[in-house]
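# Descriptive structure summary
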Amino acid sequence: MKSHTFKGPTSGFVVTYTFDDLKDTQGYVGYLPSDSSIYVVFRGSSSIQNWITNLEVKKVDYKGSCCGKSCQIHRGFYEAASSAYPGILSAVQSLRSKYPNYSVKSTGHSLGAALSQITAMSLKDSGITPTTIYNFGQPRIGDANYASCASSYIPTERVTHLKDIVPHIPFESWGYKHECREAYESTSTSNNPQVKNCDASNCEDSSCSNQWAYKDTNVDDHMLYLGLSVTCSAVS
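Quantities reported herein were computed from a predicted structural model and do not represent experimental measurements. (Residues numbered from 1 in each chain as written. Predicted model: local features only at pLDDT ≥ 70, side-chain atom pairs only at ≥ 80, totals over all residues. Heavy atoms only, no water.)

### Concerning the nonpolar core
In this structure, Val 29, Tyr 62 and Tyr 146 are the most contacted members of the largest nonpolar core, which totals 41 residues. If you list the elements that add at least two residues to this core, you get β2 (26–32), β3 (37–42), α2 (75–98), α3 (111–125) and α4 (144–153). For this core, the leading source of residues is α2, giving 11 residues. Each residue touching Tyr 146, except ones within four places of it in the same chain, is listed here: Tyr 62, Cys 71, Gln 72, Ile 73, Gln 117, Ile 118, Met 121 and Ile 141. Counting residues in each nonpolar core, the second largest holds 5 residues, with Phe 13, Leu 32, Tyr 39 and Val 41 among its members. (Core = buried A, V, L, I, M, F, W, Y, C linked by side-chain atoms within 4.5 Å. Buried < 20%, exposed > 50% of the residue type's maximum accessible area, 1.4 Å probe, protein only. Helix = DSSP H or I, 4+ residues; strand = E, 2+ residues; numbered from the N terminus. Contact = heavy atoms within 4.5 Å.)

Listed below in structure tokens is the structure:
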């Protein structure tokens, strides 16, 4: 992670483990002493448009303890998260042994947000608590049973931005639902972003991201969150 520079609120962040596989699953685990937290961080897809175009829709049974055998989840997301999980769990356990009072926070953008959510569920199943999710531009992950279970299982802030296309897929008509709670950013510029806390029980709040039809959405809004461009840049 020598190519990464942490600034502002993330200054002092220490990376202890990185992952990068053929399923477009990339990220790192580390800790931030300034807020006494261990972070699991997932990068978004390397090609947003290609990922949307080639999106799989098949669901498989979810094997986590949250909802027994009654939930189904997106196959591709589940396989990618499961592939990366053993290394992530080992890294988090190692940090927890050194910093037993640190909380664990899982975060990601786009495809990375889906993997972040699934991974946080697995961490809780593995006895890693407290765990909190902070995701940005997350797609729908599973069916209504999974969404209901996930909403009550782990505290979540699922941030959406204006007409971002990704929170609208996979479609509800395909049997997918979002989990709560959504925080909707309603401004289109990087100056003074306004964020609304959406309905805590209606995870598809029609006054937030779901007010927009799919035809009205775009990729540009997916690349701006909380006033920051969600892209990688080189640091000399």
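### Structural notes on α4
Within the sequence span of α4, burial applies to Tyr 146, Ala 147, Cys 149, Ala 150 and Tyr 153. Buried positions in α4, seen along its axis, are confined to an arc of 165° and lie on one side of it. In α4, the exposed positions that point more than 90 degrees away from the buried face belong to Ser 148 and Ser 152. On its buried side, α4 packs onto β5 (72–74) and α3. Where α4 starts, the residue carrying a side-chain oxygen 3.2 Å from the main-chain nitrogen of Asn 145 turns out to be Asp 143. (Arc of directions from axis to C-beta. Polar contact = N/O pair within 3.5 Å; in protein donor to acceptor, adjacent residues only side chain to side chain.)

### So, the environment of Thr 131
Tracing the backbone through its elements, the reader meets Thr 131 in strand β7 (residues 131–136). By relative accessible area, which is 7% here, Thr 131 ends up buried. Once the C-alpha coordinates of Thr 131 and Ile 38 are considered, the two residues, 93 residues apart in sequence, prove to be 9.4 Å apart. Sequence-distant contacts of Thr 131, that is, excluding residues within four places in its chain, are made with Val 104, Ala 120, Leu 123, Ile 154 and Pro 155.

### Some remarks on α3
Its 15 residues give α3 an end-to-end C-alpha distance of 22 Å, which sits within 8% of 21 Å, the value for a rise of 1.5 Å per residue. Buried residues dominate α3, accounting for 13 of its 15 residues. Gly 127 lies just past α3 and shows a positive phi near 90°. (Expected span 1.5 Å × (residues − 1).)

### Here's the deal with the confidence of the model for the chain
Mean pLDDT over the chain stands at 89; residues scoring 70 or higher make up 90%. Across the chain, element-level confidence peaks in β3 with a mean pLDDT of 97 and bottoms out in helix α1 (residues 48–53) with 61. (pLDDT = per-residue confidence, 0-100.)

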